[in-house]
Every structure is written in structure tokens, then in C-alpha cells.
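Take a look at the letters that make up each chain.
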Amino acid sequence: MTTDAHELVRTLEALKDEALKALEAADSEESLEAWRVAYLGRKEGRLTLAMRSLGKLAPEARPAAGVAANQVKTALEEGLARHQQALKERALERLATEQRLDVTLPGRPLLLGRLHPTTQTLREVLAAFTAMGFQVVEGPEVEWDRYNFELLNIPRGHPARDMWDTLWIDYTDANGERPMLLRTHTSPMQARVMEKTQPPVRVVVPGKVYRYEATDATHEWHFHQVEGLAVDEGITFANLKATLYEFARRIFGPERRVRFRCDYFPFVEPGVDMAMDCFICKGQGTVKGAPCRVCKETGWIEIMGAGMVHPRVLEMVGYDPKRYTGFAFGIGVERVAMLKHGIDDIRHFYANDVRFLRQF
Ligand code: PHE
């Protein structure tokens, strides 16, 4: 070996000793990185510079010096890897002792939320009607007496007001009357839609409604309805039946039975209630000899009121009742969900018990 080569090998050895000593002092990620740049850095690293000078040696001196240089490089790289690993282990140990955290435990699964059964049913009901050409509109839950009652042919003092006991807003107008309430049904939107548009009208209105009501297995003080309204020239009761039959088939399948009976609502004439056979007692009225409390022994559950829009209602919003006819319906969404899933008590819906909600 030439003198130059001997010198280079000595330099390399000295560099190695110095570097490994400096490595002992590096006790953080940043100082390890600084060390790496100082010795092994690709541009200015001291080992890199030393190796570059290999090129200046006489060709026959290069191999031996090269071997020495590579050994130094390997020693430095291994030293670095060892220190990085030790640093990592120390950090984990610190986490475990200082923070009492066992990082080897499996992670906790994230809880996935889901749609409330009312929301799911609401969407299914709306999808059935939008497929038949109905548009979805929404309206206020705090409503004027005028829309909730008067424009629906239920003037002040009319005995039909007793059908909907409700919660009044504590606000008195100039006449000393309380004109504002939590809507008892989605029907006020019939008048609101007709006031703003001309026939043909085909809308469904989803929303919350409120009743001052003693609760039981089929009655809640707050629940959801989907109102429907279709007004045009030549609409008949046959259109009403066809539309609601189609709804029942889409939501409940062909096996469920449907019943229409005469009913009274001041804003329709004639008025009907639509019922389906009771899903608990299968229409028998009794379960294992005991009275069925869901259908109250009748074998049927009413899911909506419906009828032909009363001519006075059309008149009050400025439609010509000689030219236009229409039908309207109001569906109880929770009752539909109960039918679909065999839920025996409407009070489950808003009890916020995850054991119930997780089933949907
Ligand atoms: N609004 C009525 C109720 O809540 C239901 C209904 C709607 C009846 C439309 C007829 C027509 O009881």
C-alpha cells in the first residue's frame, strides 16, 4: 500500500472511532438525524468525503483502501440502526410506565352509527311516492291556527277541533287570541302549497307533529306524518285508492291486507281511514287467547286518514272547485315502521335505548 493509502485508512479508522463515540451521545431522534447527516450525509457527510478521496489514490492502492472504507461505512450504519431501535424501545417503555398505556393491546373498534328506524321508514315512504311522481316539500312545525285549522275547514268553535288537542304557544294577538301552536298534523301544508302554486299539484310532506295526548302502545305525544296531496282536473276517488294500494304494495309487499272505511275529517269529503291487518295477532284480535293490545282486539291498525279534498278547502285557497278535484292523505310514519318490523309499542321509538335502536 502507498503512504497515501495508509494515511487514508488511518483517517477512516479515526473517523470511525470518533463517529461511534459521538453516536453514544445522540439520545433523541433529532440528534441521531444530525449525526447521520454529519457522517453519512450524501453531500457533506465526513465519511462520504473521505470515500470520495479514494478516487485520488493510485489504482493499485484503491481496492484495499476501499475495503477498509466499506467496513467503516457498515459499522456506522449498523451503529445508527442499533441506536434508532434502542431509542424506539425506550420511548415505548416510557409510554407504558409513565402513561400506563399498553400499546400492544388491540385497538378499540369505532362505534358505527345508523339511521333511526323512523328516518329509515320515512325515506322508504317518500321513495314510494316520489316514484309515483310526487314532489317532497316541508313546512313549519310551529304553525298558525289559520293553517292548522281554519283553512282546513275547521273554524274556531268547531267541534272537530276536539279531535286534535294540542300544545299552544304562549303568545296572544291583538284580539286576545292564541293563534300559534305546534302543528297537530302535516295537513296545514295542503293550504300552504296550494296558496303558492297552481294545479297540477302532487306533493308529499314529511314532518313532525304534536298532540296533547296520553301515551300508550300506539299513541305518542309527538310523532311523524307524511302528508300527500294531489289536485288536478278530473282526479277521482279511484285515483286515491290506486295510489294508496300501490303505496301499500311497495312498502309491505303483496301479502298484507288493506281496508278502507268511512271516516270523518273536516277537510275531506268523502273521508276514509286506511288500515292494514294487525301484524301481532295477524288480524285475529287475540294472541294465545289474550286480547291483542296493539290493535285493541280489532285485528286492524289504522295507518292513515285520507279522502277527497273538500271543495271549501279548494275555494279558500282560490282554486275553482268546479274545475279541480283532488285527494289527500296523512300517514303515521311510526305506525308504518311498527307494521314493517313488528314493533309492539310506539314508545320504544323515542326512549333512546340503544338496545332497541341497534336492531334496525
Ligand atoms: N291530518 C289527518 C290527521 O292527522 C289525516 C288526514 C290527512 C286525513 C289528509 C285526511 C286527509 O288525523
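Along each chain, the written sequence defines residue order, and numbers are assigned to residues from 1. In keeping with the predicted nature of the model, local features appear solely for residues at pLDDT of at least 70, side-chain atom pairs appear and are counted solely at 80 or more, and the whole-chain, interface and lining totals rest on all residues. Neither water nor hydrogens contribute to the side-chain values; these are computed over all heavy atoms in the structure.

Observations regarding the overall build of the protein chain
Only DSSP runs of H or I with at least four residues qualify as helices, and only runs of E with at least two residues qualify as strands; both kinds are numbered from the N terminus onward. If you tally the helices and strands in the protein chain, you get 11 helices and 11 strands. For 360 residues, the compact-globule estimate of 2.2 N^0.38 gives 21 Å, and the protein chain exceeds it by more than 25% at 40 Å. Along the first, second and third principal axes, the C-alpha set of the protein chain runs to 120 × 55 × 50 Å. When a residue's accessible area, from a 1.4 Å probe over protein chains only, is under 20% of the maximum for its type it is buried; when over 50% it is exposed; and in between it is partly exposed. When burial is assessed residue by residue, the protein chain has 43% of its 360 residues classed as buried. The contact definition used throughout considers only heavy atoms, calling two residues in contact when any of these lie within 4.5 Å. For the protein chain, the proportion of contacts with a sequence separation of at least 24, taken over those separated by at least 6, is 67%. Accessible surface, the protein chain as shown: approximately 20300 Å² in total, 52% of it carbon and sulfur. We count Lys and Arg on the positive side and Asp and Glu on the negative side, and we leave His and both chain ends out. Every charge is mapped onto a representative atom, which is NZ of Lys, CZ of Arg, CG of Asp or CD of Glu. Once the 48 positive and 50 negative side-chain charges of the protein chain are each reduced to a mean point, those two points are 3 Å apart. Restricting the calculation to C-alpha atoms gives the radius of gyration, and the globule rule supplies 2.2 Å times the number of residues raised to the power 0.38. All accessible-area figures derive from a Shrake-Rupley calculation using a 1.4 Å probe, and residue coverage is judged against the displayed protein chains alone.

Overview of helix α8 (residues 237-252)
Helices are assigned an expected span. That span is 1.5 Å times one less than the residue count. The first and last C-alpha atoms of α8 sit 22 Å apart over 16 residues, in line with the 22 Å expected at 1.5 Å per residue. For α8, the set of buried residues is Leu240, Thr243, Leu244, Phe247, Ala248, Ile251 and Phe252. Seen end-on, α8 carries its buried residues on one side only, within an arc spanning 135 degrees. Contacts made by the buried residues of α8 are with α5 (117-130), β6 (258-263), β7 (268-277), β10 (300-309), β11 (325-332) and α10 (333-341). A 3.5 Å cut-off defines polar contacts: any pair of N or O atoms within that distance qualifies, except that in protein one atom must be a possible hydrogen donor and the other a possible acceptor, and neighbouring residues in sequence count only when both atoms are side-chain atoms. The backbone nitrogen of Ala238 lies 3.1 Å from a side-chain oxygen of the residue at the head of α8, namely Thr236. Looking one or two residues past α8, Gly253 carries a phi angle of roughly 85 degrees, positive in sign. Read the arc as the range of directions from the helix axis to the C-beta atoms.

Some words on the packing of α8 against α10
In this analysis, axes come from line fits to C-alpha atoms, helices being fitted only over the stretch in contact, and the angle between any two N-to-C directions falls in the range 0 to 180 degrees. Contact pair α8 / α10: the axes reach a minimum separation of 11 Å and the direction vectors enclose 50 degrees. By the angle class used here, α8 and α10 are oblique. Between α8 and α10, the contacting residues are Phe247, Ile251 and Phe252 on the first element and Val336, Leu339 and Lys340 on the second. Oblique is the label for any angle not under 35 degrees, not over 145, and not in the 65 to 115 range, which are roughly parallel, roughly antiparallel and roughly perpendicular in turn.

Examining the environment of Leu23
Residue placement: Leu23 occurs in helix α1 (residues 3-25). Note on Leu23: relative accessible area 1%, which makes it buried. Residues Leu23 and Trp35, 12 residues apart in the sequence, show an inter-C-alpha distance of 7.0 Å. In this structure Leu23 touches Leu32, Trp35, Gly79, Leu80 and His83, once residues within four positions along its chain are discounted.

Observations regarding the packing of aromatic side chains
Any two rings among Phe, Tyr and Trp, with Trp reduced to its six-membered ring, count as a pair given centres within 6.5 Å; such a pair is stacked if its planes are under 30 degrees apart, edge-to-face if over 60, and tilted if neither. This structure, assessed with the given rule, holds 14 aromatic pairs. For the pair Phe265 and Phe267, a centre-to-centre distance of 6.0 Å together with 40 degrees between the ring planes defines the contact as tilted. By relative accessible area, which is 16% here, Phe265 ends up buried. Note on Phe267: relative accessible area 6%, which makes it buried. Between Phe349 and Phe356, the aromatic rings sit 5.9 Å apart at their centres with planes inclined by 75 degrees, giving edge-to-face as the arrangement. You can call Phe356 buried: its relative accessible area is 9%.

A look at a nonpolar patch on the surface
Residues with no salt bridge and a relative accessible area higher than 30% make up the patches, which join like charges within 9 Å and nonpolar side chains (Val, Leu, Ile, Met, Phe, Trp, Tyr) within 5 Å. What makes a salt bridge here is a side-chain nitrogen of Lys or Arg within 4 Å of a carboxyl oxygen of Asp or Glu, nothing more. Where nonpolar side chains cluster on the molecular surface, the patch consists of Leu92, Leu101 and Val103 and spans about 250 Å² of accessible area. Position of Leu101 relative to the elements: it lies in the loop between α4 (62-98) and α5.

Focus: the domain arrangement of the protein chain
Each domain's limits were defined by an automated method or a database of domain assignments. Assigned domains within the protein chain: domain 1 (3-98) and domain 2 (117-357). A separation of 81 Å is found between the C-alpha centroids of domain 1 and domain 2.

Concerning the sheet that holds strand β5 (residues 222-232)
Strand pairing is assigned whenever DSSP detects at least two bridges linking the two strands. One open sheet accounts for seven strands, arranged β1-β4-β5-β11-β10-β7-β6; its pairing is mixed. Edge positions in the sheet fall to β1 (135-136) and β6, since each has one partner strand and no second. Relative to β10, β7 runs antiparallel, the two being bridged by eight bridges. Bridging from a neighbouring strand, Val272 pairs with Ala306 of β10. Sitting on the sheet, α10 is in contact with β5, β7, β10 and β11, with an inclination near 60 degrees to β11.

Looking at the side chain of His224
Secondary-structure assignment places His224 in strand β5. Judged by relative accessible area, which is 11%, His224 ranks as buried. In this structure the side chain of His224 is engaged in a polar contact, spanning 2.7 Å, whose partner is the side chain of Glu334. There is a polar contact of 3.1 Å between the side chain of His224 and the side chain of Tyr350. In contact with His224, other than residues within four places in its own chain, are Thr118, Gly207, Lys208, Ile331, Gly332, Val333, Glu334 and Tyr350.

Description of the site of the ligand
Inspection of the region around the ligand gives 15 residues, with His185, Ser187, Arg211, Gln225 and Gly330 positioned closest. Within the side chain of Ser187, one N or O atom sits 2.8 Å away from a nitrogen atom of the ligand. One nitrogen or oxygen atom from the side chain of Arg211 is found 2.9 Å from an oxygen atom belonging to the ligand. Here the ligand, which alone exposes 330 Å², has 93% of that area covered by the protein. The nearness test applies per residue and asks whether one of its heavy atoms lies within 4 Å of the molecule or strand.

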